[in-house]
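Read off the chains here:
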Amino acid sequence: MEKGEWDNQTSVMEFLLLGMGNVSTLQTPLFLLSLIIYLVTVVGNSLVTVVVVADQHLHTPMYFFLGNLSSLETCYSSTILPRLLVTFLTGNRTISVHGCIAQFYFFGSLATTECYLLAMMSYDRYLAICQPLLYASLMTWKVCLQTVAGSWLVGFLVTTVVTSFVSQLKFCGPKAIDHFFCDLTPLLALSCSDTRKITFLSFTVSFLSGVLPFLFTLASYVCIIAAILRISSSVSRQKAFSTCSSHLIVVTVFCGTLIIVYLMPRTPQLRQLNKVFSFFYTVLTPLVNPLIYSLRNREVREALKKAFRKALACTQSSC
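Residues numbered from 1 in each chain as written. Predicted model: local features only at pLDDT ≥ 70, side-chain atom pairs only at ≥ 80, totals over all residues. Heavy atoms only, no water.

**Digging into the state of the cysteines**
- Overall, the coordinates contain two disulfides when judged by the stated rule.
- Note on cysteine connectivity: Cys 100 is disulfide-linked to Cys 182, with sulfurs 1.9 Å apart. Looking down the S-S bond of the Cys 100 and Cys 182 bridge, the torsion is -115 degrees, so its handedness is left-handed. In this pair, Cys 100 sits in helix 5 (residues 97–130) while Cys 182 sits in the loop between strand 3 (176–177) and helix 8 (184–190), placing the two residues 82 residues apart along the sequence. Each member of the pair Cys 100 and Cys 182 is classed as buried.
- The disulfide partner of Cys 172 is Cys 192, and the gap between their sulfur atoms is 2.0 Å. In this pair, Cys 172 is assigned in the loop between helix 7 (141–166) and strand 3 and Cys 192 in the loop between helix 8 and helix 9 (196–229), connecting sequence segments 20 residues apart. (Disulfide = S-S within 2.5 Å. Helix = DSSP H or I, 4+ residues; strand = E, 2+ residues; numbered from the N terminus. Buried < 20%, exposed > 50% of the residue type's maximum accessible area, 1.4 Å probe, protein only.)

Okay, structure coming up:
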């Protein structure tokens, strides 16, 4: 489209997030439910982060990764749920174009970071179970810091490139986004620019940032499970599997639903199913992460109990 033709069209200044549809009669229950989910998510993940930092017994690579994952989940859920809460509370479903692109940027950056971080956590478990004699020399604190910093850096750099292309798109047609947050595919569907380049770029980035880390994680767990099955003692087998089962659950829920959403055909009949799966990796994963790790991990449970007892004793003695 020529420049002169753009001038004759009105650029869209804001979008309308359709969310789950017309649910005006359910606004209050949905607001309360979303508020509870958000509070539990933030408090739970923040508590895990604080405990990992405060308890000396948890200053190991595995819990260092866990603390970073919990911090990431707190930020991740904060890119989606606060906006959803405002929508349910006020009924206002509009969002500015710049606000929408900003939400996509932070969501995409944190989701990409989580994919890489989960892959690094699987590598940590692989070394601990399959190479126990080399674990201390291979998984040093320097390596831990480098892998975590690399995950955050790559996540934000990759999404910055994609977002820079998105910010150059023209939106001059329909402004209704059939989703509950600003994702890339709904944005591209509303653009009246040529989106072939950014579609190819986003496909490449999705493969490198989503599929490859997921395949790396699967390969790690194939080796881990094979190593566990070779252990003769059933008690040792159970102990070894318990150290990685929590992480496997989180990876399955997060990466599985994320890949399904982005590989699912974009047909009108599957839009609602797309939203359901999106709910899993945007809302459910940050919610269940602290529950899974705290309830299934003995050391985290003990650290939480110790922290609560210390806080209670401090309160009673007015310290």
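There's more to say after this.
**Structural notes on the pattern of salt bridges**
- Per the counting criterion, the structure on display carries three salt bridges.
- Of the charged contacts, one joins Lys 306 and Asp 55 as a salt bridge, the two residues approaching to 3.6 Å between their closest N and O atoms. Of this pair, Lys 306 sits in helix 12 (residues 298–316) while Asp 55 is found in the loop between helix 2 (27–54) and helix 3 (61–78), placing the two residues 251 residues apart along the sequence.
- Note that Arg 196 is salt-bridged to Asp 194, the shortest N-O span being 2.7 Å. (Salt bridge = Lys/Arg side-chain N within 4 Å of Asp/Glu carboxyl O.)

**Quick look at a nonpolar patch on the surface**
- The grouping of Phe 207, Leu 208, Leu 212, Leu 215 and Leu 218 at the surface amounts to a nonpolar patch, some 420 Å² of accessible area in total.
- Mapped onto the elements, Leu 215 comes out in helix 9.
- A relative accessible area of 44% means that Leu 215 is categorised as partly exposed. (Patch = residues over 30% accessible without salt bridge, like charges linked within 9 Å, V, L, I, M, F, W, Y side chains within 5 Å. Areas by Shrake-Rupley, 256 points an atom, 1.4 Å probe, with all protein chains shown as cover.)

**Let's talk about the sheet that holds strand 2 (residues 94–96)**
- Read from one edge of the open sheet, three strands run 2-1-3, paired in mixed fashion. Of all the strands in the sheet, just strand 2 and strand 3 have a single pairing partner and so form its edges.
- Judged from the three bridges that link them, strand 1 (residues 14–17) and strand 2 form a sheet pairing that is antiparallel. Bridge pairing in strand 2 links Glu 14 to Ser 96.
- Its contacts with the sheet put helix 5 on strand 1, strand 2 and strand 3, and the angle it makes with strand 2 is roughly 85 degrees. (Pairing = 2+ DSSP bridges. Contact = heavy atoms within 4.5 Å. Axes fitted to C-alpha atoms, helices over the stretch in contact; angles between N-to-C directions.)

**Concerning the packing of helix 2 against helix 4 (residues 81–90)**
- At a minimum axis distance of 9 Å, the contact between helix 2 and helix 4 shows a crossing angle of 155 degrees. It follows from the interaxial angle that helix 2 and helix 4 lie roughly antiparallel. With respect to the hand of their crossing, helix 2 and helix 4 are arranged in left-handed fashion. Touching Gln 27, Leu 30, Phe 31, Ser 34, Leu 35, Ile 37 and Tyr 38 of helix 2 are Leu 81, Pro 82, Leu 84, Leu 85, Thr 87, Phe 88 and Leu 89, all from helix 4.
- Taken together, the residues of the contact of helix 2 with helix 4 break down into eleven nonpolar, three polar and no charged. (Parallel < 35°, antiparallel > 145°, perpendicular 65-115°, else oblique. Left-handed = near helix turned anticlockwise from the far one by under 90°. Nonpolar A, V, L, I, M, F, W, Y, C, P; charged D, E, K, R; others polar.)

**Some details on the UniProt feature "transmembrane region" (unreviewed entry) in the protein**
- UniProt's entry tags residues 30–54, 61–81, 101–123, 143–166, 207–229, 241–264 and 276–295 with the feature "transmembrane region" (unreviewed entry), counted in the numbering of this structure.
- As annotated, residues 30–54 has a helix share of 100% and a strand share of 0%, and its two end C-alpha atoms lie 36 Å apart. (UniProt positions renumbered as here; feature names shortened; annotations may be inferred.)

**Some thoughts on the packing of aromatic side chains**
- Enumeration according to the criterion identifies 15 aromatic pairs in this entry.
- When the ring of Tyr 76 is compared with that of Phe 107, the centres are 5.9 Å apart and the planes differ by 20 degrees; the resulting orientation is stacked. Highlighted residues: Tyr 76 in helix 3 and Phe 107 in helix 5, separated in sequence by 31 residues. Side by side, Tyr 76 and Phe 107 carry an identical accessibility label, which is buried.
- One aromatic cluster is present, formed by Tyr 76, Phe 107, Phe 180, Phe 181, Phe 254 and Tyr 281 through successive ring pairs. (Phe/Tyr/Trp six-rings, centres within 6.5 Å; stacked < 30°, edge-to-face > 60°.)

**Let's talk about the layout of surface pockets**
- Empty space within the largest pocket amounts to approximately 660 Å³.
- As for the largest pocket, its lining consists of 27 residues, and the residues nearest its centre are Leu 184, Ser 202, Val 205, Ser 206 and Tyr 262.
- For the lining of the largest pocket, the element with the most residues is helix 9, which contributes nine residues.
- Of the residues assigned to the lining of the largest pocket, the class counts are 16 nonpolar, nine polar and two charged. (1 Å grid on protein atoms, 1.4 Å probe; cavity = no way out; pocket = protein on both sides within 12 Å on 5 of 7 lines; lining within 4 Å. Points joined across faces, edges and corners; volume = space filled by probe spheres on them.)

**Thoughts on the nonpolar core**
- Formed by 50 residues in total, the largest nonpolar core has its most connected members in Tyr 63, Phe 65, Tyr 76, Phe 107, Leu 118, Phe 254 and Tyr 281.
- At the level of secondary structure, the elements contributing two or more residues to this core comprise helix 2, helix 3, helix 4, helix 5, helix 7, helix 10 (234–263), helix 11 (271–296) and helix 12.
- Setting aside residues up to four positions removed in sequence, Phe 107 forms contacts with Tyr 76, Thr 79, Ile 80, Phe 181, Asp 183, Tyr 262, Tyr 281 and Thr 282.
- Ranked by size, the runner-up nonpolar core spans 20 residues in total, among them Val 97, Phe 171, Leu 184 and Leu 187. (Core = buried A, V, L, I, M, F, W, Y, C linked by side-chain atoms within 4.5 Å.)

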